[in-house]
Amino acid sequence: MSTAVAGTNYLNYPKGLKSWLFTLDHKRIGMLYFFSILFFFLVGGIFALLIRLELMTPGFTIMGPDTYNKVFTYHGTVMVFMVIIPMIPAAMGNFILPMMLGAKDVAFPRLNLASYYVYLFGAMVALATLFFKGVDTGWTFYAPYSTRTGSAAGMMVMAAFIMGFSSIFTGINFIATIHKLRAPGQTWTRLPLFLWALYATSVIQVLATPVLALTLVLLALERVFGIGIFDPALGGDPVLFQHFFWFYSHPAVYIMILPAMGVISEVITVFSRKNIFGYKAMAVATFGIALVAFIVWGHHMFVSGQSHTANFVFSFLTMFVAIPTGVKVFSWVATLYKGSISFYAPMLYALAFLFVFTIGGLTGVVLATLATDVHLTDTYYVVAHFHYVMVGGTLMAFMAAVHYWFPKFFGRMYAEAPARVSWFLIFLGFNVTFLPQFIAGSRGMPRRYYDYVPEFTWLNQLSTIGSWLIALGFVIAAVYLAYALFKGPKAPANPWNSRTLEWESESPPPVENFSHDPVVRHGPYDYHWEAK
Amino acid sequence: MSSPHQSSSSVEHHVAHHFKDGEHEFLTAKQGMWLFLLQEVLFFSPLFVGYFIFRHMYYHDFHVAAQQLDWVMGAVNTVILISSSFTMARAVSNAQKGKREETVEALLFTILFAFGFLVVKYLEYSHKIHAGTLPGHFFHDAELLKAAPHAPLFFTFYFAMTGLHAIHVIGGIGILIWILMRARRGEFGPKYFTPVELTGLYWHFVDLVWIYLFPLLYLVG
Ligand SMILES: [Cu+2]
């Protein structure tokens, strides 16, 4: 076992490529995830820019319909399975979770490393489909099209199957770690909300992912052997695929958003210097969302031909998501109230989150309503809605997390001025991209087409210009963060005066996380504890 | 050669650095295994749900198709698997007591039962391949198709469910062989028997799945 040597940290000890590739240290595995995810984010982002470029003008702009189908499929698949799902739990969570608990590692370090390589292998298989005629099914792989299309859909669903296990492994690891490896004094009511969020996320990962995994196996078997479960010609039922798919994929959107909410809870209290408003309500709401997640999947299928009763029940149940979500939003706002707020980059992203996520959430209620959804199904309104949640929610929170924990990860500070410029471009660009899509969608512009009627041209051009603003924002972020990584000023142990445990350790932390065995004596947001 | 009643493990186990002690490590590993098994339940669940839905939709056809299964074979396999669960439990308790020879012996019997199960499964499968009672497009029993047009779907579920279960049995055999080799080296004793215990949990789960599959496919027809 590697023991701490004075003056060393997890980044520089032990040395060598092999020590990184076979590392069992959760911090290094988190970093492997982090940089892999950044790479896939670049890939998915390029596909997004291509989509927007094609939609710059009606008709053929840079690609024909068949290529377009593939481009939006890759954008969706890469972003969902390789970026947003592992983005916060596997990258940020891996690093931060044991440190917040005061543990030396996650419960099962080897399983953790395995999860990374399973993820990487699955991602490679997914990208390899590009060389086998590509995939054009959309990321949802709906049967019967996906069982018949000549593209590499079979290979792609196997890639998603493989990556699913990476997600399951991470979930198992996190639950066991939170249960068994808390430092003395780290009671359940002192658990930072980020950890409650990761816990609830892990529960979904463990319970929902296997359902998708098996469904994808059945889909692949359907393609190869024609086994008939999803094929109406053989007595099967394609709607059953949708049920199975959304039984996972609705909870999956909470795999994406719950950790983001956790990050926001941390950042908002730190930069308001106030305890979170309603800690227990927040923790309960986190689990409330995870619980409701499992009983609302049918809202994706209002026009699929499921029964009216089912439509009614799913619409009704979906409304319940708004309650715990509302609790959270009000709680964050109440935390800001009378706080001493400082506008560092993490906080700017958190505030952007509050703004855009609320729009994403409220338009979700519009879509949950049966009558309006029938009108809006498969229009750009839906596209705008889920981008407001996934990008406006998860990606903003991810950026908040990256800036917040950057000093802890790398022991260096990023430059605040370019961070604000980049934040402004991303926030502005995001709204310029997706607000017009609400308008286009509510007026009936369908999604998944490479073409549209000329009336929608100006809205689409606005949207495309927005996508360039976002891209510019991220290019700037890449530059100043890369600079900070190598040349940034040395970070102190706790630059933000946070109260959670990871900041008690040096930046970057030693191999064993803490140079002493941590004992917790106060709550995670007790900013005025010393004064008492 | 070691004595038959060795009282403790001869290979020392090191507790990983992030645990307080061996017990802490054991309890954590056990919780991880339970979580994995929970995941397994949900992994099998689409097949069970799908089977119930289609059985409800094509009740008559599923009834007729199920008659093709040989319940005697199914019953024999049920007995074999329950016996293997018994020997597995013996292996765990012997490992806890540090009885090396007995542990190895019980594991060996478990592996033999598992192979026995696969042999019976092989006989059943080859009979079905012969008779043409196969999933989807591969189905070519014209007479049965006339009596029950949706029989192919029943066999889709039959092969998918028993096939996925058989894969778990095969995986289990691999793990059991690995555990057996470690037991022979004397790695397990009162202080450290985690792998045997976890394999036991897994093996009982595989057994339990079959306990559901047997009546569902062979008997309720
Ligand atoms: Cu949903």
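Residues numbered from 1 in each chain as written. Chains lettered and ligands numbered in written order. Predicted model: local features only at pLDDT ≥ 70, side-chain atom pairs only at ≥ 80, totals over all residues. Heavy atoms only, no water.

A look at the overall build of chain B
When helices and strands are tallied, chain B shows seven helices and zero strands. Seen in sequence order, chain B has helices and strands lined up from the N terminus as α-α-α-α-α-α-α. The C-alpha extent of chain B, read off along each of the three principal axes, is 65 × 35 × 25 Å. The burial tally for chain B puts 55% of its 221 residues in the buried class. Long-range pairs, those at least 24 residues apart, make up 80% of the contacts in chain B with a sequence separation of at least 6. Working note: accessible area of chain B is about 10,400 Å², and carbon and sulfur atoms make up 68% of it. Of the side chains in chain B, 14 bear a positive and 16 a negative charge, and the two mean positions are spaced by 4 Å. (Helix = DSSP H or I, 4+ residues; strand = E, 2+ residues; numbered from the N terminus. Buried < 20%, exposed > 50% of the residue type's maximum accessible area, 1.4 Å probe, protein only. Contact = heavy atoms within 4.5 Å. Areas by Shrake-Rupley, 256 points an atom, 1.4 Å probe, with all protein chains shown as cover. Lys, Arg positive; Asp, Glu negative; His and termini not counted. Charge placed at Lys NZ, Arg CZ, Asp CG, Glu CD.)

A few points about unusual backbone geometry
As a rule of thumb, non-glycine residues mostly have phi less than zero, and peptide bonds are mostly trans rather than cis. Residue and element names in this part refer to chain A. Y13 connects to P14 through a cis peptide bond whose omega is -5°. Tracing the chain through its elements places P14 in the segment before α1 (17-21). Note the cis peptide between A143 and P144, where omega equals 0°. Relative to the helices and strands, P144 is located in the loop between α4 (109-128) and α5 (145-148). One non-glycine residue, N513, lies in the positive phi region at around 80°. As for its position among the elements, N513 is in the segment after α16 (457-487).

Let's talk about the interface of chain A and chain B
Between chain A and chain B, the residue contacts involve 36 residues of the former and 32 residues of the latter. In this assembly, chain A packs against chain B so that about 2,900 Å² is buried in total across both faces, 77% of it on carbon and sulfur atoms. Applying the counting rule to chain A against chain B returns zero salt bridges. Where chain A meets chain B, there are seven residue pairs in polar contact (both at pLDDT 80 or more). Of all the secondary structure elements, the ones that give two or more residues to the side of chain A that touches chain B are α6 (153-180), α7 (193-225) and α8 (238-272) of chain A. The element contributing the most residues to the side of chain A that touches chain B is α7 of chain A, with nine residues. Grouping the constituent residues of the side of chain A that touches chain B by class yields 25 nonpolar, six polar and five charged. (Buried area = accessible area lost by both parts, 1.4 Å probe. Salt bridge = Lys/Arg side-chain N within 4 Å of Asp/Glu carboxyl O. Polar contact = N/O pair within 3.5 Å; in protein donor to acceptor, adjacent residues only side chain to side chain. Nonpolar A, V, L, I, M, F, W, Y, C, P; charged D, E, K, R; others polar.)

Side note on the coordination of the copper ion
Coordination sphere of the copper ion, protein contribution only: H250 of chain A (ND1), H299 of chain A (NE2) and H300 of chain A (NE2), at 1.8 to 2.0 Å. All donors to the copper ion come from one chain, and their sequence spacing reads H-x48-H-H. (Donors = N, O, S within 2.8 Å, 3.2 Å for Na, K, Ca; no water.)

Re the pattern of salt bridges
Residues and elements named next belong to chain B. Summed over the entire model, instances satisfying the criterion amount to eight salt bridges over all chains. As a salt-bridge pair, K30 and E197 come within 3.2 Å of each other at their nearest N and O atoms. Placement of the pair is K30 in helix α1 (residues 22-57) and E197 in helix α7 (residues 194-219), with a sequence separation of 167 residues. Take K30: its relative accessible area is 25%, and that puts it in the partly exposed class.

Examining the layout of surface pockets
Of the volumes computed, that of the second largest pocket is approximately 1,400 Å³. Lining the second largest pocket we find 46 residues, and of these A107, F108, P109, R110 and L111 of chain A sit closest to its centre. At the level of secondary structure, the elements contributing two or more residues to the lining of the second largest pocket comprise α2 (26-54), α4 and α6 of chain A together with α1, α6 (151-184) and α7 of chain B. A class-by-class count of the residues in the lining of the second largest pocket yields 26 nonpolar, 11 polar and nine charged. (1 Å grid on protein atoms, 1.4 Å probe; cavity = no way out; pocket = protein on both sides within 12 Å on 5 of 7 lines; lining within 4 Å. Points joined across faces, edges and corners; volume = space filled by probe spheres on them.)

Brief notes about the side chain of H387 of chain A
As for its position among the elements, H387 of chain A is in helix α14 (residues 380-410). In this structure H387 of chain A comes out as buried when scored by relative accessible area, which is 13%.

Quick word on a nonpolar patch on the surface
Residue and element names in this part refer to chain A. A contiguous nonpolar surface patch, about 560 Å² in accessible area, is contributed by F312, V313, F316, F320, I323 and V327. If you list the elements that add at least two residues to the nonpolar patch, you get α10 (308-319) and α11 (322-336). Here the element with the most residues in the nonpolar patch is α10; it accounts for three residues. (Patch = residues over 30% accessible without salt bridge, like charges linked within 9 Å, V, L, I, M, F, W, Y side chains within 5 Å.)

Section: the side chain of T209 of chain A
Residues and elements named next belong to chain A. Its place among the elements puts T209 in helix α7. Taking the relative accessible area as the measure of exposure, T209 reaches 1% and is therefore buried. In this structure T209 touches G164, S167, I168, I204 and Y248, once residues within four positions along its chain are discounted.

Re empty space enclosed by the protein
All names here are of chain A. Using the criterion set out here, one finds four cavities of 30 Å³ or more in the structure. Taken as a whole, the largest cavity spans an internal volume of roughly 150 Å³. Along its surface, the largest cavity is lined by 17 residues, and F81, I85, P86, M163 and S167 are the ones closest to its centre. Looking at the lining of the largest cavity, the elements that each hand over two or more residues are α3 (65-101), α6 and α7. Residue contributions to the lining of the largest cavity peak at six residues, all from α6. The residue makeup of the lining of the largest cavity, split by class, is 11 nonpolar, six polar and no charged.

Here's the deal with the nonpolar core
The biggest cluster of nonpolar side chains holds 265 residues, and the ones touching the most others in it are M92 and W405 of chain A. Apart from residues lying up to four places away in sequence, M92 of chain A is in contact with F34, M87, F194, F398, A401, V402, W405 and F409 of chain A. (Core = buried A, V, L, I, M, F, W, Y, C linked by side-chain atoms within 4.5 Å.)

Some details on α7 of chain A
Residues and elements named next belong to chain A. With 33 residues, α7 extends 47 Å from end C-alpha to end C-alpha; this agrees with the ideal 48 Å at 1.5 Å per step. Of all the bends in α7, the greatest, near 30°, is centred on A208, and the proline P210 appears no more than four residues after it. Across the 33 residues that make up α7, a large majority, 26, are buried. (Expected span 1.5 Å × (residues − 1). Bend = angle between axes of the 7 residues up to and from the residue.)

Focus on the confidence of the model for chain B
Residue and element names in this part refer to chain B. With 95% of its residues at a pLDDT of at least 70, chain B reaches an overall mean of 93. Long-range and interchain partners of residues 1-7, a stretch whose pLDDT sits below 50, account for 14 contacts in this model, where long-range means more than four residues apart. Scored as a whole, the predicted complex attains pTM 0.95, and scored at its interfaces, ipTM 0.94. (pLDDT = per-residue confidence, 0-100.)

Comments concerning the packing of helix α4 (residues 100-131) of chain B against α7 of chain B
Between two packed helices, what matters for the description is the angle formed by their axes and the separation of those axes. Residues and elements named next belong to chain B. The contact between α4 and α7 brings their axes to 13 Å, and the two run at 25°. Comparing the axis directions of α4 and α7 gives the class roughly parallel. Both α4 and α7 take part in a crossing whose hand is left-handed. When α4 is examined against α7, the residues T110, A114, F117, K121 and E124 are found in contact with a partner set consisting of W203, W210 and Y218. (Axes fitted to C-alpha atoms, helices over the stretch in contact; angles between N-to-C directions. Parallel < 35°, antiparallel > 145°, perpendicular 65-115°, else oblique. Left-handed = near helix turned anticlockwise from the far one by under 90°.)

Description of α14 of chain A
All names here are of chain A. Remark: the principal bend of α14, roughly 45°, maps to Y404, with a proline, P407, within the next four residues. For α14, a buried count of 30 out of 31 residues is recorded, marking the element as mostly surrounded by other parts of the structure. Immediately downstream of α14, the backbone of G411 shows phi near 70°, a positive value.

So, the environment of A143 of chain A
Residues and elements named next belong to chain A. Tracing the sequence through the fold places A143 in the loop between α4 and α5. Classification of A143 by relative accessible area gives buried; the value is 7%. Spatially, the C-alpha atom of A143 lies 7.6 Å from that of D231, the residues being 88 residues apart in sequence. If near-sequence neighbours (up to four positions away) are discounted, A143 is found in contact with L219, F230, P238 and F241.

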